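For reference, the chains in residue letters:
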Amino acid sequence: MRAALNGLLPLALLTGLGCKARQSYETAIPIDDTFPRQPVTGALLERYEAAARWSEARDGLALVIVKGDAVIFESYARRYDPTTPIHIFSGTKSFSCALALLLEADGALRLDEDVRDTLPELAAGAGVTPDTLLHFTSGIAQDNRALTRDGLMEEQTIDDKYAYAVGLPSESAPGEVFVYGSSHQAVLGALTISSHGAATPG
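Computed from a prediction, not measured in an experiment: that's the story for all the values here.

Trainee: I tried to follow the pattern of salt bridges on my own but got confused; where do I start?
Mentor: A side chain of one charge can pair with a side chain of the opposite charge if their charged atoms are brought near each other. Across all of its chains, the model carries two salt bridges by this definition. Taking the shortest distance from any N to any O, the salt bridge between Glu74 and Arg37 comes out at 2.6 Å. Taken together, the residues span a long stretch of sequence, with Glu74 in strand E2 (residues 70–76) and Arg37 in the loop between helix H2 (8–17) and helix H3 (42–57) at a distance of 37 residues. Linking Arg110 and Asp112 is a salt bridge whose minimum nitrogen-to-oxygen distance equals 3.1 Å.

What follows is the structure, given as structure tokens:
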């Protein structure tokens, strides 16, 4: 499964940042059965069903429980089902962290490597590492308009958000200041594409 996930880091990042010119948020997602299903029964099922009702009563759209590599419970509310695309906004940041750790475990990424060794065009100073990018402490400037708001538009004004983020300057030394924002993740996506052969979505 790890090998299959390696190419998903830039894909997960692009999902949150926006890809290129025109996107559709209505196209159904094909079910690929990546995860086997092992439904639970009895008292455990009753507990999960109660949790799903609690979620739906609070405007939750879906509850999916995965144990190991198997889906053991899933429930969808209102018009949603497993094929419905949902814009999860900054939820993609959690996925990128998990995928980065898988890349590290496979030897395809070192969390302490200097990003400029692979991306010499990085405008930020030396010392930016995947670890600082994942912790939002890279010191790289943020541009909410270009990297976040524009990414939610169907007609986007910035075609290559990776290149845009790589060109942003430092505002503080790596590891010194926590600043929440999308530039860290975009630079991480550029790094994985440039140095580790991860494919961009077509």
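Trainee: Would you mind going over the side chain of Ser138 with me for this structure?
Mentor: Structurally, Ser138 can be placed in the loop between helix H6 (130–134) and helix H7 (144–149). Separated by 3.2 Å, the side chain of Ser138 and the backbone nitrogen of Ile140 make a polar contact. Setting aside residues no more than four positions away along its own chain, Ser138 makes contact with Val128, Thr132, Leu133, Ser172, Pro174 and His184.

Trainee: Looking at this structure, how should I read unusual backbone geometry?
Mentor: It is generally the case that most residues other than glycine have a negative phi and that most peptide bonds are trans. One non-glycine residue, Asp59, adopts positive backbone phi at about 70 degrees. The residue Asp59 is located in the loop between H3 and strand E1 (62–67) in this model. Phi is positive for Phe136, which is not a glycine, with a value near 60 degrees. Inspection of the secondary structure assignment puts Phe136 in the loop between H6 and H7.

Trainee: Got a minute to help me understand the packing of aromatic side chains in this structure?
Mentor: A ring pair, where both rings are aromatic, is described by two values, the distance of the centres and the angle of the planes. Taken as a whole and assessed by the stated rule, the structure comprises three aromatic pairs. Both rings, one in Phe136 and one in Phe178, keep their centres 5.8 Å apart while their planes meet at 75 degrees; by these two values the pair is edge-to-face. Residue Phe136 is found in the loop between H6 and H7, and its partner Phe178 is found in the loop between helix H8 (161–166) and helix H9 (183–196); the two are separated by 42 residues along the sequence. On the accessibility criterion, Phe178 (54% relative accessible area) is exposed. Where Phe136 meets Tyr180, the ring centres are 5.2 Å apart and the plane angle is 40 degrees; that geometry is what we call tilted. Taken together, the positions of Phe136 in the loop between H6 and H7 and Tyr180 in the loop between H8 and H9 put the pair 44 residues apart, joining distant regions of the chain. What links up through ring pairs into an aromatic cluster is the set Phe136, Phe178 and Tyr180. A cation sits over an aromatic face here: Arg79 above Tyr80, 4.7 Å from the ring centre.

Trainee: I keep staring at helix H4 (residues 91–105) and nothing clicks. Help me out?
Mentor: A turn of α-helix holds 3.6 residues, and therefore any two residues three or four places apart point the same way. With 15 residues, H4 extends 22 Å from end C-alpha to end C-alpha; this agrees with the ideal 21 Å at 1.5 Å per step. Those residues of H4 that fall on the buried side of the exposure criterion are Thr92, Lys93, Ser96, Leu99, Ala100 and Leu103. On an axial view of H4, the arc spanned by its buried residues comes to 125 degrees, and they lie on one face. Structural note: H4 exposes Ser94 and Phe95 on the side pointing more than 90 degrees away from its buried face. Following H4 by one or two positions, Gly107 has its phi on the positive side, about 80 degrees.

Trainee: What's the story with the pairing of E1 in this structure? I'm lost.
Mentor: Each regular strand displays side chains that alternate between the two surfaces of the sheet. Judged from the six bridges that link them, E1 and E2 form a sheet pairing that is antiparallel. Bridged to Leu63 within E2 is Ser75. Connecting the antiparallel pair E1 and E2 is a turn made up of two residues, with Gly68 showing a positive phi of about 65 degrees.

About the cut-offs
- Residues numbered from 1 in each chain as written.
- Predicted model: local features only at pLDDT ≥ 70, side-chain atom pairs only at ≥ 80, totals over all residues.
- Heavy atoms only, no water.
- Salt bridge = Lys/Arg side-chain N within 4 Å of Asp/Glu carboxyl O.
- Helix = DSSP H or I, 4+ residues; strand = E, 2+ residues; numbered from the N terminus.
- Polar contact = N/O pair within 3.5 Å; in protein donor to acceptor, adjacent residues only side chain to side chain.
- Contact = heavy atoms within 4.5 Å.
- Phe/Tyr/Trp six-rings, centres within 6.5 Å; stacked < 30°, edge-to-face > 60°.
- Buried < 20%, exposed > 50% of the residue type's maximum accessible area, 1.4 Å probe, protein only.
- Lys NZ or Arg CZ within 6 Å of the ring centre and 35° of its normal.
- Expected span 1.5 Å × (residues − 1).
- Arc of directions from axis to C-beta.
- Pairing = 2+ DSSP bridges.

Geometric descriptors of this kind do not, in isolation, establish any biological role.
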